[in-house]
Each structure stands twice: as C-alpha cells, then as structure tokens.
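What the coordinates show
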Amino acid sequence: MAKVSINLTTGSIQKEDIIVGIDLGTTNSLVAFIDPNGNAKVINDTGKGVLVPSVVHFDANGEVVVGNEARDFLIQDPQHTIFSVKRLLGRSYQDLQSHEAYFSYRIIDDANDESLVKIKVGDTFYTPIELSALILKELKARAEHALKTNVNRAVITVPAYFNDSQRQATRDAGKLAGLDVLRIVNEPTAASLAYGIGLNPDEQKTIAVYDLGGGTFDVSILKIENGIFEVLATNGNTFLGGDDFDRAIVDYWIAQNNLSGEIPMQELRLKAEEAKKALSHQNLFNEKIGDIFCTIDKQTFESLINDKVQETISACKNALKDAELTASDIDEIVMVGGSTRTDLVKKEVSAFFEKPVNDSINPDEVVALGAALQADVLSGNRKDILLLDVTPLSLGIETMGGLMDTIIPRNSKVPTKAGRQYTTSIDGQVNMKIAVYQGERDLVKENRKLAEFELKGIPSMPAGLPKVDINFLLNADGILRIQAVELRSGVKQEVDVKPTYGLKDEEVEQMLLDAVTYAKDDVSQRMVVEAKTEGDQMVYTVERFLNKNGSFLNQEETSHTKELVTKLKVAIKNTNKDEILSAIDALNEYTRPFAERLMDEAVSQAMRGKNI
Ligand code: AMP
C-alpha cells in the first residue's frame, strides 16, 4: 500500500503538468483547475466560453467537431449528431429501449442484455466510450490551450447513482482521450467540496445535494465523516429538467396565440429559454417572434412549472425516507445545475429543508470546481488535508479474450471491498479459471499477475445460467482476499494475496506511465477483442439454434442464416472491429424474427396443453 503522495509525486509527469477536474455532463461539460494561489478556477478558452456542449458531429468524410459547432448540427443533421451520450455510458440496449424515441441517431439493438450499446454513424460503429472520449479530448485541448501546458491527468465526476459499469466506462473514456484518470468522483461530493464542506476531517455533517440540469434531476443525501463521503440515498428522474420548463412556456404561448399548422417550434423553444432565464431576475417577459406574442409573467411561469418542481420535492422526500432521516437532520443543502437558478426551485427546496440553500457558487461550475479541488488533494498539494491509504494500482480479473476487468480501481481508499457477477460461456462448463491481476492496461498480459485458481464443481448448466460472484476484499494491511461463489450451488473458493509484495515505487510509476502511453492502442485492441468475443458468442448461439430448431426454418432461411454466419466468421478472422460489428448486426436483424416466432410457437403450445 502507498500513500497517494508517494507514488504520485515521484512520477515525471507529475512535476510538469496540472491535474484538472472535469465535469462530463449530459448537456454541457467543463474543466477546472487550481491556480498557483490555490484557488479553483474554471477554464475559459478564449472566445469559446466555459461550457462545452456535450455534442459530437460527424460529417460525410468522418471529420469530427465537438461543442458549440456540433450543437448547430442538431437540427440540420440529427442522424450524425450525437447528444446526451452520458445517458448511454455503460448501458445496454435493454436499459435504453424505452427511451429510444428520444435519440435521433441510431442505437444498435444487439439482442444481448449483457453487452454495451453501440451507435452507428454512417458505416462506423461507435461506443459511448469513444464518443465521450471525443468530448474529453476537446476539453483537454481547451485546457492545454488556455493553460499553455500539457494536461495529462484528471479527476472526472459522475452522478452518485452511476453503477460500476458506468464508472468504468467513464474511466475508459478518459484513458482513450489520453488522460490518466486519478479518480472518479461523485458529482454531489465534488459540489460539496467546492463549498468547503467535507474538507475538514474533524467535521461530521449530513447534507443534501439538489442537482437540476437541462434534462436530468437527482438529489443525493450524503454523510461526511472523517473526510469520507458516504452516499446514504439518491433519488431523481433522468428525464426531468429545465427543458421541461421551456416546453411549458412554449405550450402556453401556442395556446395564448391560438397557433396551429406550421409552428416555428425551434425559435419558440429558444425564446422560451430566454424568457425563463429572464424571469429569474425580472417579473415580466414581453417579446415577439414575427406576429407571435411571447409574453409571460413570473407568476404564470411559476404556476406552469409548479408540478415539475413538486415532483423534485417528492424525490427529496423519498431520498430522506430511504436514508431514514428527516428534513431537520440535514445540515447543508448544495444547489447544482443551471435550473437551480429558477426562483421557485430555490424557494421550494429551501422551504422543504427548512433552511437557506448554498447557492453562492455558479451552479454550472460548482461540480468541476470541486473536482479540481479533489485533484489537488490527490496530488498531495494540499498539506492541510489528511491523505488516506489508497491502493496504487487497479485490481481485477481476466475475462474473455485476455481482457482485464477491474474490480477495485486504483486510488480507492483502503480498506475496501467490491465484487461483480460472472457466468459461463460454454454449455455444461463445470470449472471456471479465475486469474487475478493488478495494473492499468486493458490486456492482462501487460499487467502483473497476482494469483490464479479454479472454481471447481459448478453444476452442469447451459451457458449463461451459473451465477458466479467474485468479491475482492482489501483490508487495512493490504491483504487482498478473493472469494468466488457459484450462487446456485454454493460452491466456493477463497484465496489471499498481498498485491504490494515485491512491488517497488518505480515499478508502479512505470506501469502508470505505460498505461497513459499505450492508452489508445490498448483501448482499440480491447474493442476488437470485445467485438470478437461478441461475434463468437453470436456464432455459438445461432449455430446452436440451427441445430436444435433447424426444422423450424425453411430452406431459404436456413441457407441465408448460414451465409451470414460464415460472413461473421470471416470478419472475426480479419479482426476488423467495424466489419465484425456490421456482420453481427446483419445476422441479428435477420434472425431476430425467428426467435420471436419460436417463442410464440412455444407459448401457443403451452396454451394448448392447458385447460382454460
Ligand atoms: P446544466 O444541464 O446544469 O448545464 O443546466 C442547463 C439548464 O439550466 C438549462 O435548462 C438552462 O436553460 C437552465 N438555466 C441556465 N440559466 C438559467 C437561469 N438563469 N434561470 C433558469 N434556468 C437557467
């Protein structure tokens, strides 16, 4: 185990660069840093402003633009313009299905609830990780331009409700953008730090962080003790925000003006947003678009949005209930997100918690500023703040294709525990090899092997049915206990190792440097391996289907399916990611109706057997 200050102050990158804090948002993203006087500041790249719209546009030649220029394409070229990529990070198609209409670009349905979504633009498949990496790259470039120095290291924030897979995806996006991600920090934690809450390790507080952005709302209840932030509860609605306020104004104007037929929706929406912002500091908005009257007073506005605001208050109630607290237990309320500038929001939140809210820091910037502070603490620059023991390298296991699956990320506070569930990939598999590694590279062969053992005696079941829980417990002495349990049968195996045994600081440093140097190659190699694994599984499933249910298909269907399988096999051999994914997509699209037909058949057979 190492103190953060040891292994992070010896690296050569350390002395030359600045560690930045990044708020990678659904609508907008921004970067902050700590200036030489120790003050957190947001980066304002000349002429471009502070907020970078989280939008990516691809033109016909595959040229990419990010930010304001990309946002202009949202209306002109929606199919090639990706917005809200944060909603896709670490998600599978199944997770997003019910919201598909919200996205104007193409999300691939790969009929696999395990694999992460991909987006197809032209002939190329992109993962949300790659798209987020493009946004992060733009942020890095702006920071480098403004600060006139290299920026290689960052702390990135995520919502408190992000799961493990969404956090890992965010880390990977950073890595692909050429950033060494020191830590993923919860947005509410960062926002509290920006207000100085939690900086003093002797302080014990319970706080609520209310975050209302353009399209998302969440509230988190945090307990801070000994400098550690614990999330007690979160609640919210990922499709509620300031955009709803704009829409309410637009609907009101449409009704007031008796508009029908061709309505200039986009202009009305922009005007509505202008009105909403103006009503944060005046009582009447009165303008025109052509001969449409765009008039609204504050009282009307507040009555229009009251239901939505009350919905956020209900979420606060639920969060408190989950945390087993009441409003009076909350010591501080921190306001985050542009929509908390709305007076009614401030008023209602403050009334509910029965105290004034913290809103003196710009709510668009507060998370990034806090992330910069966290980065500064991690870099060992803040001598006034206690550094906790952390694990210097990530700990994980080998998965299909020799990939590293991180279970405990580096820089996690020790002691810690984390786990994940795995399954088998072959029918009737009774043993599972578990190989434990430490390091930051995507392929385990580049990392340091700590242990290998086999979980034996898994009952014979079809692939995907066994549930194997792998848990890592890292105790305060730096001993890592690895537990593997097959949940259906209870078979169990346990191994202890000491990850730092024989590991020198220089080695740690070299491993960290290599991880940044080879990040791009690593991630692209991993994407190929993942595509191949997905392709292999698809071949396995379809061939099994043909063997079992061959008679169910007609001759033409059988031969075309076989043709598509052969194409996929060739693509897998060629190791070209887009070719593999296209072949998977084609096979999937063609065979999906068969599975549905089979299901209908099975259901109607079952019904036939029953007496109704
Ligand atoms: P964020 O997602 O945190 O960047 O928040 C963006 C949202 O904040 C958008 O819906 C904006 O219209 C809204 N917003 C920005 N400024 C104000 C303001 N002065 N009053 C009300 N809403 C605002």
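What counts, and where the lines are drawn
Residues numbered from 1 in each chain as written. Predicted model: local features only at pLDDT ≥ 70, side-chain atom pairs only at ≥ 80, totals over all residues. Heavy atoms only, no water. Core = buried A, V, L, I, M, F, W, Y, C linked by side-chain atoms within 4.5 Å. Buried < 20%, exposed > 50% of the residue type's maximum accessible area, 1.4 Å probe, protein only. Helix = DSSP H or I, 4+ residues; strand = E, 2+ residues; numbered from the N terminus. Contact = heavy atoms within 4.5 Å. Domains from an automatic or database assignment. Buried area = accessible area lost by both parts, 1.4 Å probe. Salt bridge = Lys/Arg side-chain N within 4 Å of Asp/Glu carboxyl O. Polar contact = N/O pair within 3.5 Å; in protein donor to acceptor, adjacent residues only side chain to side chain. Nonpolar A, V, L, I, M, F, W, Y, C, P; charged D, E, K, R; others polar. Near = heavy atom within 4 Å. Areas by Shrake-Rupley, 256 points an atom, 1.4 Å probe, with all protein chains shown as cover. Phe/Tyr/Trp six-rings, centres within 6.5 Å; stacked < 30°, edge-to-face > 60°. Lys NZ or Arg CZ within 6 Å of the ring centre and 35° of its normal.

Attention now moves to the nonpolar core. Ile-22, Ile-82 and Leu-136 are the most contacted members of the largest nonpolar core, which has 49 residues in total. The dominant element in this core, judged by the number of residues it contributes, is helix H6 (residues 128-147), at 9 residues. Apart from the residues lying within four places of it in its own chain, the contact partners of Leu-136 are Ile-22, Leu-24, Ile-156, Ala-173, Gly-174, Ala-177 and Leu-179. Within the second largest apolar cluster, 42 residues are counted, among which are Val-219, Leu-279, Ile-289 and Met-335.

Next up on the list: the domain arrangement of the chain. Splitting the chain by domain gives domain 1 (5-195 + 366-378), domain 2 (198-360), domain 3 (395-504) and domain 4 (521-607). For domain 1 and domain 3, the distance between their C-alpha centroids amounts to 29 Å. Buried area between domain 1 and domain 3, both sides added, is near 810 Å², and the carbon and sulfur share of it is 26%. Contact with domain 3 buries surface across domain 1, with Asp-164, Lys-175 and Arg-183 losing the most and accounting together for 45% of the total. Counting across the domain 1 and domain 3 interface gives 3 salt bridges. Arg-410 is paired through a salt bridge with Asp-180; the nearest N and O atoms lie 2.6 Å apart. The tally of links between domain 1 and domain 3 comes to 6 residue pairs in polar contact (both at pLDDT 80 or more). Of the residues in the side of domain 1 that touches domain 3, the class split is 3 nonpolar, 1 polar and 5 charged.

Our next topic: the site of the ligand. Around the ligand, 16 residues are found, and the nearest of them are Gly-214, Glu-273, Lys-276, Ser-280 and Gly-338. Separating a nitrogen atom of the ligand from a side-chain N or O atom of Arg-341 is a distance of 3.1 Å. Between the ligand and Asp-364, the relevant distance is 3.5 Å, taken from an oxygen atom to a side-chain nitrogen or oxygen of the residue. Coverage of the ligand by the protein chains reaches 84% of its 500 Å² of free accessible surface. Sorting the residues of the shell around the ligand by element identifies helix H9 (242-256) and helix H10 (265-278) as the ones contributing at least two each. The element best represented in the shell around the ligand is H10, accounting for 3 residues. In the shell around the ligand, the residues fall into no nonpolar, 10 polar and 6 charged.

All right, on to the packing of aromatic side chains then. As enumerated under the stated definition, the model contains 13 aromatic pairs in all. Seen in terms of ring centroids, Tyr-102 and Phe-239 are 5.1 Å apart; in terms of plane orientation they differ by 85°. Their pairing is edge-to-face. Taken as a pair, Tyr-102 in the loop between helix H5 (93-96) and strand S9 (106-107) and Phe-239 in the loop between strand S16 (228-237) and H9 lie far apart in primary sequence, 137 residues in all. A relative accessible area of 28% places Phe-239 in the partly exposed class. Pairing Tyr-161 with Phe-162 gives two aromatic rings, centres 6.1 Å apart and planes at 70°, and the pair type is edge-to-face. Taken together, the aromatic side chains of Phe-83, Tyr-102, Phe-103, Tyr-105 and Phe-239 make up a single cluster linked through ring pairs. When the ring centre of Phe-239 is taken as reference, the NZ or CZ atom of Arg-87 above it lies at 4.1 Å.

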